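# Observations on the three-dimensional arrangement
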Amino acid sequence: MSILTYREAIRLALQEEMRHDDTVFAIGEDLGAFGGAMAVTKGLFEEFGPKRLVDTPISESAIVGAALGAALTGLKPVAEIMFIDFVGVCMDQIVNQIAKVKYMLGGQVEVPVVIRTQGGAGKGYAAQHSQSLEAWFCHVPGIKVVMPATPRDARGLLKSAIRDRNPVLFIEHKNLYNEKGEVPDEEELIPIGKADIKRSGTDLTIIAHSRQVLNALNAAEILFNEKNIQCEVIDLRTISPLDEETIFNSVKKTGRIITVEEGYENHGIGAEIITRLVTRHFDYLDAEPVRLAFPNCPVPFNKRLEESILPDTNKIIEAIKSLI
Amino acid sequence: MTITVLMPRQGESVESCLLSKWYKKKGDIIKTGDIVFTYETDKSAFDYEAATDGILIDTFFEEGDTVPVLDEVCVIGDEGEDYSHSSKITRESDMVSISDVGALKPPMQNISDETKNEDSADINEKIKISPRARALADKSGVDYRNAVPTGRDGRIEEKDIISMIEKACVNSDTVKMNNDYDEVEITNIRKIIANRMMHSLSTSAQLTLNTSFDATSIMAFRKKMKEKNENLNFENITLNDIMIYAVSRTIMSFKDLNAHMIEDRILYYKNANIGIAIDTPKGLIVPTIVKANEKSLSEISKEAKKLISECQTGRINPDTLKGGSFTITNLGSLGIESFTPILNSPQVGILGVDTIMTRARETDGKYEFYPAMGLSLTFDHRVVDGAGAARFLQALKNDLEKFNG
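First, a word on scope: everything that follows refers to the structure included in this document.

Conventions and cut-offs
Residues numbered from 1 in each chain as written. Chains lettered and ligands numbered in written order. Predicted model: local features only at pLDDT ≥ 70, side-chain atom pairs only at ≥ 80, totals over all residues. Heavy atoms only, no water. Helix = DSSP H or I, 4+ residues; strand = E, 2+ residues; numbered from the N terminus. Buried < 20%, exposed > 50% of the residue type's maximum accessible area, 1.4 Å probe, protein only. Contact = heavy atoms within 4.5 Å. Areas by Shrake-Rupley, 256 points an atom, 1.4 Å probe, with all protein chains shown as cover. Pairing = 2+ DSSP bridges. Axes fitted to C-alpha atoms, helices over the stretch in contact; angles between N-to-C directions. Salt bridge = Lys/Arg side-chain N within 4 Å of Asp/Glu carboxyl O. 1 Å grid on protein atoms, 1.4 Å probe; cavity = no way out; pocket = protein on both sides within 12 Å on 5 of 7 lines; lining within 4 Å. Points joined across faces, edges and corners; volume = space filled by probe spheres on them. Nonpolar A, V, L, I, M, F, W, Y, C, P; charged D, E, K, R; others polar. Expected span 1.5 Å × (residues − 1). Arc of directions from axis to C-beta.

Our focus in this paragraph is the overall build of chain A. Each helix and strand in chain A was counted, giving twelve helices and 14 strands. Expressed as a percentage of its 324 residues, the buried residues of chain A come to 56%. Considering only contacts within chain A whose residues lie at least 6 apart along the sequence, 82% involve residues at least 24 apart. Within the structure as shown, chain A displays about 13200 Å² of accessible surface, and the carbon and sulfur contribution to it stands at 52%.

Below, the structure written as structure tokens:
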């Protein structure tokens, strides 16, 4: 085991996969010589050079479109969109092309594209650079959505994403890059579509993903120490497809569920999870399901306003206290 | 919308509650969270907090009434609203259906076309239960309407059904062994004793110190009095009388132990009102010798004998059972060497008097036997620290060892 930051773990995955398979290449803005806006690709340019780390103009459509074309010719592109907020510019490439081409061509082609991007609030970056838009892509068939919370999961899932024969949207969190954690020294592939029980408990199930997993774990620890409430914390890791089995089994045990996410509450991930649970396993529930998410308003620039509405450890604790 | 407030069910065995106080009267405006009334079980009192805004349209019981659980207590709603569907007549027919295990729904004839509106639906939705709890109840065959809801907003949750099932198991176990015992409903005095003991243990920080003293002096004194008694007309002085007398004198220097603790106040008594625990055929009774500190040994002896006799024959005046500031309980005559008396709450101290045992001690290199009488002092550590209580015992021991009337 080594202690790596989230950023280093992603870099390690890229490096390992680029060494493992020379059809793998990265494409995006400033990820070559500069090392990436979030410094994720720093150092890779020196090892792999400009053909494997392709700098592009500021055109998200071009980045994703080029990645699609490259994939159709047999390469394995890892495209980077600097902020998920910019994804609107290349929405057609993702939703109508990348997610649909295999289907439109009767399965004759594969589109092994990974789109790396980052989202999330908490840095005072205001309404156009702080969103969590994962729900948009979960709504579309043909693309997987992966959101790791820990360095180990980030490395293992990115490697699986690169090896996947289908398009994967890999969403990082801008506030996690410096978070440290253990990463195995040997190669590890973490399967896409499998949630992880980050903490076992019997009283209540907290479903979270990305940075909210850390808040959920903090909340669970505090609730255990203060109230002896034993929360089970499930890290979704993959948002689409959802690991229903892990979620349902947990609620079967606890009878209570709270979903936590940074995305907008309306039509969000929590809504989907709770709907699936209530429609299929109504009898598991011992209390009304609760979702904690970002309210239906733009992310404020003012840091205090942002903090006041962004889900955090305290808000999770309060929501759980009201439920038990 | 009108809300009919039902007498909450507080515990499995509680079938009715005493409505002890109305905080609102008919016509008062009520806000959510307001305390509308207080009700009591035989164990404790609870406040009913309004779950809705409105006006107290009607009340069905007076203060002091005993109300069956789940019976309608009052109606909260908007002014002038018709609440006839929740009248007593309807309620009573509902009660019939609730007692009928087979019927899950209230009788349909109560819902005429006119009243088939949202309100009547609310009345039918009296029992809130989580899907999980309902599924478990159905699977286990228990009637969830008898569950004690502990969830938010009075909702029955899984754990409430589990506790019902567990209780049902216990009950069926005891039924199987029915021939092995006689089942007798406990007497009132037993109930009172039980409640007072539990209350004492659960509301104070009590512990017991044990010591013994050389009873040579008091035994000699008693012997002397007994001899005199045969010639003159003196009362027969018992060791217990001497104990009451000695405590009533010693305790005057230890005001912390001659006290009551009531919530966050302490009442220090100016006189030693000594309660004496008396074993009677019906149970423990504790009459009081008021101002024992001002009474002579012979007066104490006479009064104690009178009280004991009245207790034994059940002719005791209830007023003499009140007002004690400290209690003495004697198990010495039954051979008990030491014990942990339970405080006669809210008193701060109780002295247990133990039996006399022959002990050996060393004085100036010589060994001798002496009669040692045990003392077991239970005190409330909230009021007195261990050293303070020990000093009282030490003083009492000194006084008793030097006793000469």
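Having seen the model, we can carry on.
Turning our attention to the environment of A:V233. Residue and element names in this part refer to chain A. Its place among the elements puts V233 in strand 11 (residues 231–235). On the accessibility criterion, V233 (0% relative accessible area) is buried. Separated by 24 residues in the primary sequence, V233 and H209 have C-alpha atoms spaced 9.9 Å apart. When near neighbours in sequence (up to four residues on either side) are disregarded, V233 contacts D196, I197, K198, R199, I206, V213, A216, L217 and A220.

Turning to the sheet that holds strand 16 (residues 326–330) of chain B, a few remarks are in order. Residues and elements named next belong to chain B. With mixed pairing, six strands are arranged side by side in an open sheet as 9-18-17-16-12-15. Edge positions in the sheet fall to strand 9 (206–214) and strand 15 (288–289), since each of these pairs with one other strand and no more. In this structure, strand 17 (residues 349–363) lies alongside strand 18 (residues 366–380), joined through 13 bridges in antiparallel fashion. Across the sheet, the residue bridging to I356 is M373, located in strand 18. Docked against the sheet, helix 9 (residues 386–401) engages strand 9, strand 16, strand 17 and strand 18, running at close to 25° with respect to strand 9.

Residue and element names in this part refer to chain A. Overall, the coordinates contain 42 salt bridges over all chains when judged by the stated rule. R165 serves as the salt-bridge partner of E110, at 2.9 Å between the closest nitrogen and oxygen. On the criterion of sequence distance, the pair formed by E110 in the loop between helix 5 (101–104) and strand 5 (114–119) and R165 in the loop between helix 7 (151–163) and strand 7 (168–173) is long-range, its members being 55 residues apart. For E110, a relative accessible area of 34% translates into the label partly exposed. Judged by relative accessible area, which is 35%, R165 ranks as partly exposed. For E188, the salt bridge identified is with R152, shortest N-O distance 2.8 Å. Taken together, the residues span a long stretch of sequence, with E188 in the loop between strand 8 (180–183) and strand 9 (196–199) and R152 in helix 7 at a distance of 36 residues. Because the salt bridges share partners, they merge into one network encompassing E16, E17, R155, K159, R163 and E187.

All names here are of chain B. Mapped onto the fold, N273 is located in the loop between strand 11 (265–268) and strand 12 (274–276). N273 sits 14 residues away from A259 along the chain, and the two C-alpha atoms are 10.0 Å apart. Each residue touching N273, except ones within four places of it in the same chain, is listed here: N258, T288, I289, V290, K291, G323, G324, S325 and F326.

Residue and element names in this part refer to chain B. Judged by pairing direction, the sheet is antiparallel, and its four strands sit side by side in the order 1-8-6-3 without closing on themselves. Of all the strands in the sheet, just strand 1 (3–6) and strand 3 (29–30) have a single pairing partner and so form its edges. Note that strand 6 (residues 54–59) and strand 8 (residues 72–77) share four bridges and pair antiparallel. Across the sheet, the residue bridging to D58 is V75, located in strand 8.

Below, the discussion takes up empty space enclosed by the protein. With a probe scaled to a water molecule rolled over the atoms, the places where space remains empty come into view. All names here are of chain A. Here the structure, examined in full by the defined rule, presents six cavities of 30 Å³ or more. For the second largest cavity, the calculated volume is near 70 Å³. Taken together, 16 residues form the lining of the second largest cavity, with S132, E134, M147, H173 and S210 sitting closest to its centre. Considering every element that reaches the lining of the second largest cavity, the biggest residue donor is strand 7, with three residues. Split by residue class, the lining of the second largest cavity holds four nonpolar, eight polar and four charged.

All right, on to helix 8 (residues 212–227) of chain A then. It helps to recall that an α-helix has 3.6 residues per turn; residues three or four apart then point in one direction. All names here are of chain A. Look at helix 8: 21 Å from first C-alpha to last across 16 residues, which is about the 22 Å you get at 1.5 Å a residue. Along helix 8, the positions that sit buried rather than exposed are Q212, V213, N215, A216, A219, A220 and L223. Along the axis of helix 8, the buried residues cluster in a sector spanning 155°; they form a single face. Packing partners of the buried residues in helix 8 comprise strand 9, strand 10 (204–208), strand 11, strand 13 (257–264) and helix 12 (313–323). A positive backbone phi angle near 55° is found at N228, which sits one or two residues after helix 8.

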